[in-house]
Amino acid sequence: MDPQTQNTSLQRLQNVERRVVRVLDIAGGVMEELASPSGPRKDFVNSHCREFMQSIKDIQVTLREEIKSACEYRPFEKCDYNARIANEICFQKLEYVLSQLHDLKNTVDRYPSSD
């Protein structure tokens, strides 16, 4: 994910956060209206409930898009880490085998030949 895409994705998520706060404000306003001693105003409750539902739908769409985008992002797709580690392990094993062969040769060289 390039920095530009990452930045716009972050901005979209920040906008979602602001919309969630707005949705909570709407819900709080409806709750206050429902608790009003004079009784709730039907038009106020209806309009705020419509706004609430539309905002929730918009938030869901945006979050789905961001999740889909994040799932498509494969940061390690071109990474050669596994190959490099496997190569390093093989190299270490080979060095160990060579040192053992060298020690074996030294041991054999210490004993006189029976010829």
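Note that this is a predicted model, so its numbers are computed, not measured.

(A) Region of the structure containing the overall build of the protein. Within the protein one finds three helices and zero strands. In sequence order, the protein lays out its α and β elements as α-α-α. Every one of the 115 residues in the protein was classed for burial, and the buried ones make up 11%. Looking at the protein as shown, the accessible area adds up to about 9900 Å², and 58% of this sits on carbon and sulfur atoms.

(B) Quick look at the side chain of Thr62. Among the secondary structure elements, Thr62 is positioned in helix 2 (residues 42-72). For Thr62, a relative accessible area of 12% gives the class buried. Contact partners of Thr62, with chain neighbours within four places excluded, come to Val16 and Arg19.

Reading the values: the criteria
- Residues numbered from 1 in each chain as written.
- Predicted model: local features only at pLDDT ≥ 70, side-chain atom pairs only at ≥ 80, totals over all residues.
- Heavy atoms only, no water.
- Helix = DSSP H or I, 4+ residues; strand = E, 2+ residues; numbered from the N terminus.
- Buried < 20%, exposed > 50% of the residue type's maximum accessible area, 1.4 Å probe, protein only.
- Areas by Shrake-Rupley, 256 points an atom, 1.4 Å probe, with all protein chains shown as cover.
- Contact = heavy atoms within 4.5 Å.

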